[in-house]
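Structural overview
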Amino acid sequence: GGVGGLGGSSAQPSLGGHVVGRFVGYPFPTSSVGVEFSAREGYINRDERALGAIGVEARWQRANGAFLRGGFAHHHETPLDLAVSHPLETLAASLSGIRHRSGLEAGAGWDIGFHDPYIGDRFGLLFDLSVAVFPDDNGPAAYVFLEQSFTFDVGKSRRPPAETVVEP
C-alpha cells in the first residue's frame, strides 16, 4: 500500500520538518513481513539545509496494525542556499555540494484502519517514530523522525475485520 504524510525531525542541534512517502509491499498474501521503500524531503534549521532521505527496509506488521521496521537509509544533505537556487538538482541528488550519507534506520509505529461500509478498510492513519544513524563525521550522527501519515491499501487486507454487531 501507499503512505503519505508529514513529519518532524531532530538532529543535534537542529529541528526540522518534512514530507514523507512510502510504499509497502508483501511478497505473499498472508505474509506479515514485507519490504518498505521510503522517501523524505524537508528542511533542517540552525545549520540550514535541505534533507532528502531514501530508505529500503524490512517491515513486520501485526494484524492489529502495530509494526517494526529497519534497514538501509541514505541521506542527501544540501546547504539551503544551494537547494533554493537549484531545486531540481537538489531533488535529483545530482548537485555538487550535496553530502551523501548512508547508514541504518529502525522504527516502530501503528497503522490504524478506518472501517467504512463503502471502501472497507482501505484507508488508515499511521503514526511512526524512527531513528537513522550514520557512522561518518560529515553531519549529525543520528536523526529522529516522528511522522503522521495517511495510508491507502491495495490487495488483500492485513487488518482485522470490523466487529459485526448482531441484533437479537
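Look above for the structure.
These lines cover the structure that appears in this document, whether it is placed above or below. Small disclaimer: the values here were computed from a predicted structure and weren't measured. (Residues numbered from 1 in each chain as written. Predicted model: local features only at pLDDT ≥ 70, side-chain atom pairs only at ≥ 80, totals over all residues. Heavy atoms only, no water.)

**With respect to the pattern of salt bridges**
The condition is simple: By convention in these notes, a salt bridge is any Lys or Arg side-chain nitrogen within 4 Å of a carboxyl oxygen on Asp or Glu. Labels follow the DSSP assignment, with helices taken as runs of H or I lasting at least four residues and strands as runs of E lasting at least two, numbered in each case from the N terminus. To sort residues, take the accessible area from a 1.4 Å probe on protein chains only and compare it with the maximum for the residue type: under 20% means buried, over 50% means exposed, and anything in between is partly exposed.
Here the structure, examined in full by the defined rule, presents 14 salt bridges. Between Glu 36 and Arg 59 there is a salt bridge; the shortest N-O distance is 2.9 Å. Here Arg 59 lies in strand β4 (residues 49–61) and Glu 36 lies in strand β3 (residues 33–44), a separation of 23 residues in the sequence. An identical accessibility class is assigned to Glu 36 and Arg 59; each is buried. Between Asp 47 and Arg 49 there is a salt bridge; the shortest N-O distance is 2.2 Å. One continuous salt-bridge network, built from bridges that share partners, spans Arg 22, Glu 36, Arg 40, Glu 57, Arg 59, Arg 69, Glu 105, Asp 128 and Glu 147.

**Description of the nonpolar core**
Counted only if it meets this: What is meant by a nonpolar core is a set of buried Ala, Val, Leu, Ile, Met, Phe, Trp, Tyr and Cys residues, joined one to another through side-chain atoms within 4.5 Å. Any two residues having at least one pair of non-hydrogen atoms within 4.5 Å are treated as being in contact.
By size, the foremost hydrophobic cluster in this structure holds seven residues: Ala 11, Ile 44, Leu 51, Ala 132, Phe 134, Tyr 143 and Phe 145. Those residues in contact with Phe 134 that sit more than four places away from it in its chain are Ala 73, His 75, Arg 101, Ser 102, Gly 103, Pro 140, Ala 141 and Tyr 143.

**So, the packing of aromatic side chains**
In this description, an aromatic ring pair is defined by two values, namely the gap between the centres and the angle between the planes. Here is the rule we go by: Each Phe, Tyr or Trp ring (for Trp, its six-membered ring) is paired with any other whose centre lies within 6.5 Å, and the angle between the two planes then decides the class: stacked below 30 degrees, edge-to-face above 60, tilted in between.
All chains considered together, the criterion is met by three aromatic pairs. Between Phe 134 and Tyr 143, the aromatic rings sit 6.1 Å apart at their centres with planes inclined by 85 degrees, giving edge-to-face as the arrangement. Exposure remark for Tyr 143: the relative accessible area of 0% places this residue in the buried category. Here the aromatic rings of Tyr 143 and Phe 145 are separated by 6.0 Å at their centres, their planes lie at 5 degrees, and the arrangement is stacked. Members of the aromatic cluster, connected to one another through ring pairs, are Phe 134, Tyr 143 and Phe 145.

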